[in-house]
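The residues making up each chain are set out below.
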Amino acid sequence: MKTTLSKTVLGASLALSAAVFTAPLHAATVVGGAEMLPQRTIVENAIHSSDHTTLVRAVQAAGLDETLQAQGPFTVFAPTNAAFEALPGGTVEQLLQPDNRDNLRGVLTYHVVPGKVTAADLTQKIVQAGGMTEIETVAGERLKALMEGGKVVLEDSKGNRSSVTIADVNQANGVIHVIDGVLLPGNA
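Quick caveat, the model's predicted, so the values are computed rather than measured.

## Some words on the overall build of the protein chain
Phase 1 of the analysis: Scanning the protein chain for helices and strands turns up seven helices and nine strands.
Phase 2 of the analysis: In the protein chain, which comprises 188 residues, the proportion classed as buried is 46%.
Phase 3 of the analysis: In the protein chain, 64% of the contacts between residues at least 6 apart in sequence involve partners at least 24 apart.
Phase 4 of the analysis: Working note: accessible area of the protein chain is about 9200 Å², and carbon and sulfur atoms make up 53% of it.

Pasting the structure below:
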């Protein structure tokens with residue numbers, strides 16, 4: 001009975017997530033006051049978002065802007081400026097220093113998954129795995145993904161959690177999911 005109830009609850013979460021997190025493919029989503037046009041690349045769209053200026057600055061400082069303009073596809077979990085501001089004082093400034101470029105690249109690539117993973121895909125993996133799944137990042141480390149209160153939540157290697165606040169922002173070379181926290185790999 002407990003297994004059947006769990007599957008029913010997880011199935012309902014999948015249906016709710018698919019309805020809440022999936023935007024129509026033909027429509028542009030507004031992020032940071034700007035339309036995110038599906039014919040632009042991840043970087044081209046992020047540059048227009050007033051909520052992602054810190055992320056764009058970090059991507060450029062790490063030399064990842066060309067990579068994220070490549071064909072892909074990529075899935076990017078994109079922290080907002082507020083997410084970066086929530087880090088301990090001086091963290092962002094320290095990561096942006098030229099001597100810390102490798103550390104910055106490690107943090108940023110921990111937010112990137114190869115391929116295009118939609119919210120529905122991720123939710124389905126969570127349900128199939130019984131409530132939590134792991135996804136491999138470009139950094140070579142894993143993120144945990146689970147459902148919490150009808151939202152997709154990511155957990156980093158340090159146990160910090162971040163929620164997807166805007167999902168399925170389709171790009172010419174993948175998809176962005178806006179998140180409310182910065183994910184930290186084990187070596188950060």
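## With respect to the sheet that holds strand β8 (residues 161-171)
Phase 1 of the analysis: Pairing is mixed in the open sheet, where seven strands are placed in the order β4-β3-β9-β8-β7-β6-β5. Two strands in the sheet have a free side with no partner beyond their single neighbour: β4 (112-114) and β5 (132-136). Here the strands of the sheet are splayed against their neighbours by 30° on average, with no regard to which way each runs.

## Re the environment of P79
Phase 1 of the analysis: Counting through the fold element by element, P79 comes out in strand β3 (residues 74-79).
Phase 2 of the analysis: Under the relative-accessibility criterion, P79 is labelled buried at 1%.
Phase 3 of the analysis: Distance in space between the C-alpha atoms of P79 and I179 is 4.9 Å, their sequence separation being 100 residues.
Phase 4 of the analysis: When neighbours within four sequence positions are excluded, P79 is seen to be in contact with H52, L55, F84, H111, I179, G181 and V182.

## Thoughts on the confidence of the model for the protein chain
Phase 1 of the analysis: Summarising the model, the protein chain shows a mean pLDDT of 86, and 85% of its residues fall at 70 or more.
Phase 2 of the analysis: Ignoring residues within four places in sequence, the model shows residues 1-26, a span with pLDDT below 50, making 27 contacts including any to other chains.

## Focus: the pattern of salt bridges
Phase 1 of the analysis: In the structure shown here, the tally under the stated rule is four salt bridges.
Phase 2 of the analysis: Measuring nitrogen to oxygen at the nearest pair gives 3.6 Å for the salt bridge that ties E136 to R142.
Phase 3 of the analysis: Residue E136 is classed as partly exposed on the basis of its relative accessible area, which comes to 34%.
Phase 4 of the analysis: Among the salt bridges present, the one from E155 reaches R161, with a minimum N-O distance of 2.9 Å.
Phase 5 of the analysis: Here R161 falls in the partly exposed class, since its relative accessible area comes to 45%.
Phase 6 of the analysis: Several salt bridges converge on common partners, so that one network encompasses E134, E136 and R142.

## Overview of the pairing of strand β7 (residues 151-155)
Looking down a regular strand, the side chains alternate between one sheet face and the other.
Phase 1 of the analysis: In terms of burial, β7 is a largely internal element, four of the five residues being buried.
Phase 2 of the analysis: Relative to β7, strand β6 (residues 142-148) is paired through five bridges, and the arrangement is antiparallel. Bridge pairing in β7 places K144 opposite E155.
Phase 3 of the analysis: Hairpin connection, β6 to β7: the antiparallel pair is bridged by two residues, and G149 has positive phi, about 60°.

## Topic: the nonpolar core
Phase 1 of the analysis: Counting residues in each nonpolar core, the largest one holds 28 residues, and the members touching the most others are L68, V76, L108, I176 and V182.
Phase 2 of the analysis: Counting only elements with at least two residues in this core, the list comes to β2 (34-36), α2 (42-48), α3 (53-61), β3, α4 (81-85), α5 (91-95), α6 (101-109) and β9 (174-179).
Phase 3 of the analysis: The contacts of I176, once residues within four sequence positions are left out, are I42, V76, A78, I166, A167, D168, V169 and Q171.
Phase 4 of the analysis: Core analysis: the second largest hydrophobic core is formed by 17 residues, F77, V113, V117 and L122 among them.

## Considerations on the packing of α3 against α6
Between two packed helices, the angle of one axis relative to the other and the distance separating the axes together describe the packing.
Phase 1 of the analysis: Direction vectors running N to C along α3 and α6 enclose 125°, while the axes themselves pass 9 Å from each other. Taken together, α3 and α6 sit at an angle that is classed as oblique. For the crossing formed where α3 meets α6, the hand is left-handed. Contacts between α3 and α6 involve L55, A58, V59 and A61 from the first element and R101, L104 and L108 from the second.
Phase 2 of the analysis: In terms of residue class, the contact of α3 with α6 is built from six nonpolar, no polar and one charged.

What counts and how
Residues numbered from 1 in each chain as written. Predicted model: local features only at pLDDT ≥ 70, side-chain atom pairs only at ≥ 80, totals over all residues. Heavy atoms only, no water. Helix = DSSP H or I, 4+ residues; strand = E, 2+ residues; numbered from the N terminus. Buried < 20%, exposed > 50% of the residue type's maximum accessible area, 1.4 Å probe, protein only. Contact = heavy atoms within 4.5 Å. Areas by Shrake-Rupley, 256 points an atom, 1.4 Å probe, with all protein chains shown as cover. Pairing = 2+ DSSP bridges. Axes fitted to C-alpha atoms, helices over the stretch in contact; angles between N-to-C directions. pLDDT = per-residue confidence, 0-100. Salt bridge = Lys/Arg side-chain N within 4 Å of Asp/Glu carboxyl O. Core = buried A, V, L, I, M, F, W, Y, C linked by side-chain atoms within 4.5 Å. Parallel < 35°, antiparallel > 145°, perpendicular 65-115°, else oblique. Left-handed = near helix turned anticlockwise from the far one by under 90°. Nonpolar A, V, L, I, M, F, W, Y, C, P; charged D, E, K, R; others polar.

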